[in-house]
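Below are the chains, spelled out letter by letter.
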Amino acid sequence: RAQIHQWDTGMQDLDPSLQAAMFNSDTSGVSLLEKVQVEFQLVYDAEFLSIDVPATWNPKRWPRVKPGDQDKITKKLNNRIAVVIFSNDTVGRALQAFSDNFAIDVMATDPVLKHNSMRIFLTSKLSSLGNLPVFYVKVFPRSVFNRMMEKDHMARQRQDMELEQAERDLELVHRLRQNAGEASESVDTTDNADYGLAESASAPVGIRIKIRDSQGKDVLLMVAPTTTVQSIIDNYCKIAGLPAGAQVSLEFDDEKLNPKATVGETDIEDDDMLSASWK
């Protein structure tokens, strides 16, 4: 439970008409100047505990607590203090009372305040935040707030990168499916059944390969374990737009592939790269 700290602004700070209103009892019995409760909670992180607290250590604020006693330090930092104040006063005056009675000098941390996830300022009047009997305010030391903002920024950047990568992966799958479809259409399955590209289009397990020429241009293909190297060459020639009669050879791991061999008979795996050369 919050510690209740009674702290009033004092009659000397009030407008004379408000002073008169406080002592002007009418039949309704309602004062024109209401008191509200502001409950403050410090928000901190591990860096604040290890760096900021030791740097601003004040023995008067930490009676019977040693600098290395993390349990007692965190217990005091987790204390919530409620300040009772007039509704027409500012958040800053309530925060000053909180700071005066807290384990650390909160005002010296250049704090950032939030109420209902909305940032508020020291000059804001409590009455402007709504007609509430109790206000809950989170206090972020500036160093903590900046670190949290940086972490949020990095998290958003990471999410954006993951989204972009997912979009690239979807585009790659789309291109591979298109290439696999073109490959199945380019083969005469009656006379060249051994090529296996017709099977690759419907095969439950596909193998993605990349073919790169001497100029660094890549062609992506989806093949099956039963697809022959010759079928890959034929399909590659069509996609790359090579002239008819071009003598193309494929290499994998610096070894020339046998055109009659199937993918399953080689060491080719998913996402492997082959090198293409032709005369």
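Here, every reference points to the structure presented above.
Rules of the game
- Residues numbered from 1 in each chain as written.
- Predicted model: local features only at pLDDT ≥ 70, side-chain atom pairs only at ≥ 80, totals over all residues.
- Heavy atoms only, no water.
- Pairing = 2+ DSSP bridges.
- Helix = DSSP H or I, 4+ residues; strand = E, 2+ residues; numbered from the N terminus.
- 1 Å grid on protein atoms, 1.4 Å probe; cavity = no way out; pocket = protein on both sides within 12 Å on 5 of 7 lines; lining within 4 Å.
- Points joined across faces, edges and corners; volume = space filled by probe spheres on them.
- Phe/Tyr/Trp six-rings, centres within 6.5 Å; stacked < 30°, edge-to-face > 60°.
- Buried < 20%, exposed > 50% of the residue type's maximum accessible area, 1.4 Å probe, protein only.
- Lys NZ or Arg CZ within 6 Å of the ring centre and 35° of its normal.
- Patch = residues over 30% accessible without salt bridge, like charges linked within 9 Å, V, L, I, M, F, W, Y side chains within 5 Å.
- Areas by Shrake-Rupley, 256 points an atom, 1.4 Å probe, with all protein chains shown as cover.
- Salt bridge = Lys/Arg side-chain N within 4 Å of Asp/Glu carboxyl O.
- Lys, Arg positive; Asp, Glu negative; His and termini not counted.
- Charge placed at Lys NZ, Arg CZ, Asp CG, Glu CD.
- Core = buried A, V, L, I, M, F, W, Y, C linked by side-chain atoms within 4.5 Å.
- Contact = heavy atoms within 4.5 Å.

**Quick notes on the pairing of strand E4 (residues 112-115)**
Moving on, step 1. Two strands pair when backbone bridges link them, and E4 and strand E6 (residues 134-140) are joined in this way by four bridges, in the antiparallel orientation. Bridge assignment links His 115 to a residue of E6, and that residue is Val 137.
Moving on, step 2. When E4 meets strand E5 (residues 118-120), the two strands line up antiparallel, connected through three bridges. In the sheet register, Leu 113 faces E5, and the bridge partner there is Ile 120.
Moving on, step 3. The turn joining E4 and E5, which pair antiparallel and follow one another in sequence, is formed by two residues; a positive phi near 55° is taken by Asn 116.

**Section: the layout of surface pockets**
Moving on, step 1. In this model, the largest pocket occupies a volume close to 200 Å³.
Moving on, step 2. Val 43, Lys 114, His 115, Asn 116, Ser 117, Tyr 136, Lys 138, Phe 140, Phe 145, Met 148, Met 149 and Asp 152 together form the lining of the largest pocket.
Moving on, step 3. Of all elements in the fold, only E4, E6 and helix H5 (142-185) reach the threshold of two or more residues within the lining of the largest pocket.
Moving on, step 4. It is H5 that provides the largest number of residues to the lining of the largest pocket, a total of four residues.

**Thoughts on the packing of aromatic side chains**
Moving on, step 1. Following the criterion strictly, the structure yields five aromatic pairs and no others.
Moving on, step 2. Ring geometry for Phe 140 against Phe 145: centres 6.2 Å apart, planes inclined by 70°, an arrangement best described as edge-to-face. Phe 145 shares its class with Phe 140; the two are buried.
Moving on, step 3. The ring of Phe 140 carries the charged tip of Lys 114 above its face, separated from the ring centre by 5.8 Å.

**Side note on a positive patch on the surface**
Moving on, step 1. Where like charges cluster on the molecular surface, the positive patch consists of Arg 64, Lys 66, Lys 72 and Lys 75.
Moving on, step 2. Within the element layout of this structure, Lys 75 appears in helix H3 (residues 70-77).
Moving on, step 3. The class for Lys 75 is exposed, based on a relative accessible area of 62%.

**So, the sheet that holds strand E9 (residues 248-252)**
Moving on, step 1. Spatial strand order, E8-E7-E11-E9-E10: five strands in an open sheet with mixed pairing. Looking at the sheet topology across the chains shown, the edges are occupied by strand E8 (218-223) and strand E10 (255-256).
Moving on, step 2. Bridge analysis of E9 against strand E11 (residues 272-278) gives four bridges, and the strand direction is antiparallel. If you follow Leu 250 over to E11, its bridge partner there is Ala 276.

**Comments concerning the nonpolar core**
Moving on, step 1. Counting 31 residues, the largest nonpolar core has Phe 40, Leu 77 and Phe 98 as the members making the most contacts within it.
Moving on, step 2. Mapped onto this core, the elements with two or more residues apiece are strand E2 (35-42), helix H2 (46-55), H3, strand E3 (81-86), helix H4 (91-100) and E6.
Moving on, step 3. Apart from the residues lying within four places of it in its own chain, the contact partners of Phe 98 are Phe 40, Ile 81, Val 83, Val 106 and Val 139.
Moving on, step 4. In terms of nonpolar packing, the next biggest core, distinct from the first, is built from 22 residues, Val 219, Leu 221, Ala 261 and Ile 268 among them.

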